[in-house]
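# Architecture and fold: a report
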Amino acid sequence: MIELDLEKSLFGPDGKMGLKVSCQIKQGELVGLYGPSGAGKSSILRMISGLMRPDAGKLQVFGRAWFDQSQKINLKPQRRNIGMVFQEYALFPNMSVEENLLFALDKGQAPAIVSEMLERVGLEKLAQKRPMVLSGGQKQRVALARAMVRRPNILLLDEPLSALDMDMRANLQQYIVQFHKDFALTTLLVSHDASEIRRMAQRVLVLENGKFSFDGEPGIFFGN
Amino acid sequence: MDFSPFILTLRLALFTTLILFFLGIPLAYWLAYSKYRIKYAVEAIVSLPLVLPPTVLGFYLLLAFSPENALGAFLDEYVDLRLVFTFPGLVLASVIYSLPFMVQPLRSGFASIPKAWLDTAQTLGKGRWVTLTRVLLPNMRSALLTAAVLSFAHTVGEFGVVLMVGGNIPEETRVISVAIYNEVEAMNYGQANRYSLLLIGFSFLVLLITYWVNHDKNRVLGYD
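Residues numbered from 1 in each chain as written. Chains lettered and ligands numbered in written order. Predicted model: local features only at pLDDT ≥ 70, side-chain atom pairs only at ≥ 80, totals over all residues. Heavy atoms only, no water.

## Details of the interface of chain A and chain B
- With 23 residues of chain A at the interface, the matching set in chain B holds 21 residues.
- At the boundary of chain A with chain B, total buried surface from both sides reaches about 1,900 Å², with 64% on carbon and sulfur atoms.
- On inspection of chain A and its partner chain B, the count reaches 1 salt bridge.
- The closest approach of N and O atoms between D119(B) and R46(A), which form a salt bridge, is 3.0 Å. (Contact = heavy atoms within 4.5 Å. Buried area = accessible area lost by both parts, 1.4 Å probe. Salt bridge = Lys/Arg side-chain N within 4 Å of Asp/Glu carboxyl O.)

Below you can see the structure in the form of structure tokens.
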């Protein structure tokens with residue numbers, strides 16, 4: 001369970017904006033985070049991952065405090081067991097596909113997981129290639145596999161599909177859902193694509209004016 | 001022809017570049033990523049040698065190194081190191097004088113690394129050292145090369161600082177630029193010409209190789 005109650009002032013497209021959100025996400029849920037661009041969706045993911053420090057509030061994950069302003073607790077991103085995938089892939093160009101995954105290994109972790117993950121995303125044949133020769137969809141599959149190497153409990157996806165064309169999107173959506181099920185992940189998917197959220201998520205949180213304005217089934221919010 | 005001024009110059013440039021390399025990387029890293037405002041003051045100080053006449057720097061270093069003053073006296077007495085009119089003094093002066101030529105390219109190199117790569121490394125559990133050595137530095141090889149070559153070339157071309165701090169002692173502080181000045185003073189235009197041509201040829205070669213290698217590297221990594 002992720003219990004989140006966070007505040008942060010952000011500088012959005014319309015100047016300063018206050019973000020004040022709270023919600024609970026159950027283990028195993030795949031939740032879509034929907035809203036107009038600049039609403040602060042990515043900032044919420046960044047606060048969960050520890051890349052951005054909230055101004056106030058609390059974040060409790062599986063019973064453990066990751067952030068608590070009143071107790072001055074703020075766990076570093078390195079110590080939060082999360083997998084994160086960004087829109088821009090963020091593959092390291094100096095490493096091959098396989099090396100990108102090997103880089104993610106924790107100290108003492110067996111490297112067998114690397115080939116397992118590459119197989120899962122169907123890229124074992126491209127293991128020795130440099131990221132720059134891959135297509136957008138292949139790059140994002142590498143990024144997804146890399147995020148899974150440390151066997152995180154939580155998967156944070158920051159608009160992972162918006163740079164891809166339609167065919168690749170559908171393909172990658174399947175991989176994400178498959179990972180989500182097979183590894184019993186709790187997954188948060190940021191997207192401004194309604195159909196994507198409807199197809200993948202069981203629940204949608206709609207972010208508007210710095211608050212969640214809707215929390216429920218995507219079918220109800222977007223209509224059938 | 002007496003090659004000793006040329007060899008001394010290369011030795012000075014090599015030592016200076018090596019020291020600057022290990023000094024420049026942490027300094028440029030700090031300037032690129034620090035959030036403290038004092039970094040602007042530090043950056044201004046680092047860049048001062050770019051705008052000051054070399055004689056200004058040379059003058060104050062001469063005063064500081066002099067055994068009649070506190071620093072010089074201390075070094076002389078406790079470390080047995082004399083910096084005025086000696087090779088170690090030349091190296092130290094060159095390190096200060098060429099500092100911006102090392103730091104500025106490295107700083108731009110750090111700035112050219114997408115922020116998402118740094119975020120990714122953090123979410124993959126990697127600390128600063130691993131990120132620096134395995135992601136940042138390998139992906140800014142051309143900045144590293146540029147910084148090293150510029151520092152080296154700038155040290156080769158030094159005159160004012162060297163003359164002020166080092167004087168004109170054969171085999172100890174008489175670098176090639178000073179030797180050329182010497183020969184001209186003594187009306188030995190032939191020798192001055194030979195030294196000058198040697199320097200032009202050498203500098204051209206260094207720059208040519210640098211641009212060549214840099215271009216090839218970019219192509220290999222697919223940045224071109």
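From this point on, the discussion continues.
## What about a positive patch on the surface?
- Taken together, the side chains of R64(A), K76(A), R79(A), K35(B) and R128(B) define a basic patch exposed on the protein surface.
- Mapped onto the secondary structure, K35(B) falls in the loop between α1 (4-33) and α2 (38-51).
- By relative accessible area, which is 81% here, K35(B) ends up exposed. (Patch = residues over 30% accessible without salt bridge, like charges linked within 9 Å, V, L, I, M, F, W, Y side chains within 5 Å. Areas by Shrake-Rupley, 256 points an atom, 1.4 Å probe, with all protein chains shown as cover. Lys, Arg positive; Asp, Glu negative; His and termini not counted. Charge placed at Lys NZ, Arg CZ, Asp CG, Glu CD. Helix = DSSP H or I, 4+ residues; strand = E, 2+ residues; numbered from the N terminus. Buried < 20%, exposed > 50% of the residue type's maximum accessible area, 1.4 Å probe, protein only.)

## As for the sheet that holds strand β7 (residues 82-86) of chain A
Residues and elements named next belong to chain A.
- Sheet architecture is open: 6 strands sit in the order β7-β8-β9-β3-β10-β11, paired in mixed fashion. Of all the strands in the sheet, just β7 and β11 (211-216) have a single pairing partner and so form its edges. Direction aside, neighbouring strands of the sheet carry axes that sit 15° apart on average.
- Pairing of strand β3 (residues 30-34) with strand β10 (residues 203-208), which is carried by 4 bridges, proceeds in the parallel orientation. (Pairing = 2+ DSSP bridges. Axes fitted to C-alpha atoms, helices over the stretch in contact; angles between N-to-C directions.)

## So, the environment of N182(B)
All names here are of chain B.
- On the secondary structure map, N182 appears in helix α10 (residues 176-185).
- For N182, a relative accessible area of 22% gives the class partly exposed.
- Through-space distance from the C-alpha of N182 to that of V149 is 27 Å; in sequence the pair is 33 residues apart.
- Other than its neighbours up to four places away in sequence, N182 contacts N168 and R174.

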